[in-house]
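Next come the chains, spelled out residue by residue.
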Amino acid sequence: MSNIVVAGTGSASLSALIQQYYMPVLYDNIFKKSHPLLAILKGKAKTFNGREIVVPVESANGGASAWGDQHGLGSAYAPVIAEIAQTASYKPTMLTGHFLLTKEETLLMNSPQAIKNIVGAKVKNLQKGLEKTVAENLFKATAVADAFNPLGVLVDKVSGNSQDVTVGGINITTNGSGVYTAGGFWNSPVLDHDSFSDASGDFAGDSPDAGVQYVTEANMVDASKDTYILKILAKGVANAKAQTGENPDLIIVTQYLYDLIENEIDPRKTGSKMSERMGSMGFTGLNFRGIDIVADQDMVTAQLQTGDATTAKDRDGRIYFLNTNYLHMFFNSGAKFTASDMIEDTKSNTFVQKVHTYGNMVVTNRKAHCVVKQLYSPTDYA
């Protein structure tokens, strides 16, 4: 391992300087500028130090409650036996960023200002790379090997015959008739075109004709229809709060859907349509019934990227209704954007320093969120 001593700093190594001065800045700045959900989760991130991330299941499924007086003569009291401390467990995974320096650059680091200029620029690029990697994974519909849990896994519903799916160590199974045999409580409300009576989107040329498959733009801007975008928002909020009674505090959409919603919200009826909380965090957001709506264009990367009129391309947009009280980011205290020692590449004049982040994103109550799927949202809008 290389110990690059920087001129003008005594015997301080470059690795130590980066860890001491730049890694805290990297952690403070990451996710703050471009991704509202990640900024919120990072602001309340938790620490773990074990092999698994274990969290309490914060749903109404656990606990024991019953009417009756066990002391009353002649009364019938049947205590309910239930698990009162159920937990979910998630496997942590490693995110690794790479900080590269050439031999020529180390020779130029002959003053504190030179160090600041070169290292500062490289840390900023590293920050952008880490943000992009995490943000693009955030909205994936299915889990990616060795990556953090995406919303498409944490906020979803198991349905169909003979299913056997595990989320957070909790098994969700159905029998041959699609009836839940275990874990039915551990599902999120999921709405699609079938949830709205006026949906009319039909894939052109599909054979055999599958009928209505998505909600069109015309559906979403027609205030007389069940598919009107503000009615979709209202139904999503209602489903997200159905169990806990708590409104979601964040609605995430693509930029296309955000612009469509902005055009439909009437400030004469709702008051200011801009979100003050998002503004205070440096983001632009809308306000719907006191709930922040933000656009995250990385949602588009999770949509189908290729296909013709017979496929779901441009028709698989989503809206997430999230209660961030039940969604958390965990980091290991020993690898929370922590820099390793510099290592010299044996085949080039390059030094490599790895930045490690060990953790995962977890959910403690899947029913406290909702997702609407199968909405028209063109991938080439922005």
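Residues numbered from 1 in each chain as written. Predicted model: local features only at pLDDT ≥ 70, side-chain atom pairs only at ≥ 80, totals over all residues. Heavy atoms only, no water.

A. Structural detail: the environment of Leu 138. For Leu 138, the location among the structural elements is in helix H4 (residues 112-138). On a C-alpha basis, the gap between Leu 138 and Leu 38 in space is 8.8 Å, while along the polypeptide they are 100 residues apart. When neighbours within four sequence positions are excluded, Leu 138 is seen to be in contact with Leu 37, Leu 38, Pro 150, Leu 151, Gly 152 and Met 361. (Helix = DSSP H or I, 4+ residues; strand = E, 2+ residues; numbered from the N terminus. Contact = heavy atoms within 4.5 Å.)

B. Structural view of the nonpolar core. Judged by nonpolar contacts, the single largest core of 65 residues is most densely connected at Leu 37, Tyr 90, Val 119, Leu 151, Trp 186 and Phe 337. By residue number, the principal contributor to this core is H4, which donates 9 residues. Here Tyr 90 is in contact with Glu 52, Ile 53, Val 55, Asn 149, Leu 154, Gly 168, Trp 186, Val 362 and Val 363, once residues within four sequence places are set aside. In this structure, Ile 232, Phe 288, Ile 293 and Ile 319 belong to the second largest nonpolar core, which totals 30 residues. (Core = buried A, V, L, I, M, F, W, Y, C linked by side-chain atoms within 4.5 Å. Buried < 20%, exposed > 50% of the residue type's maximum accessible area, 1.4 Å probe, protein only.)

C. How the structure looks around the packing of aromatic side chains. Under the criterion given, the structure shown has 7 aromatic pairs. When the centroid spacing of 6.0 Å and the interplanar angle of 40° are considered together, the rings of Phe 48 and Tyr 358 count as tilted. Taken as a pair, Phe 48 in strand S1 (residues 46-48) and Tyr 358 in strand S17 (residues 350-363) lie far apart in primary sequence, 310 residues in all. Here Phe 48 falls in the buried class, since its relative accessible area comes to 6%. Residue classification places Tyr 358 among the partly exposed positions, given a relative accessible area of 25%. Aromatic side chains Tyr 256 and Tyr 381 sit 5.3 Å apart centroid to centroid with 80° between the ring planes, which places their arrangement in the edge-to-face category. With Tyr 256 in helix H8 (residues 255-264) and Tyr 381 in the segment after strand S18 (370-375), this pair connects stretches of sequence that are 125 residues apart. A relative accessible area of 38% means that Tyr 381 is categorised as partly exposed. Aromatic ring contacts, followed pair by pair, group Tyr 256, Tyr 376 and Tyr 381 into a single cluster. Lys 235 extends its terminal NZ or CZ atom over the ring of Phe 196, reaching a point 5.0 Å from the ring centre. (Phe/Tyr/Trp six-rings, centres within 6.5 Å; stacked < 30°, edge-to-face > 60°. Lys NZ or Arg CZ within 6 Å of the ring centre and 35° of its normal.)

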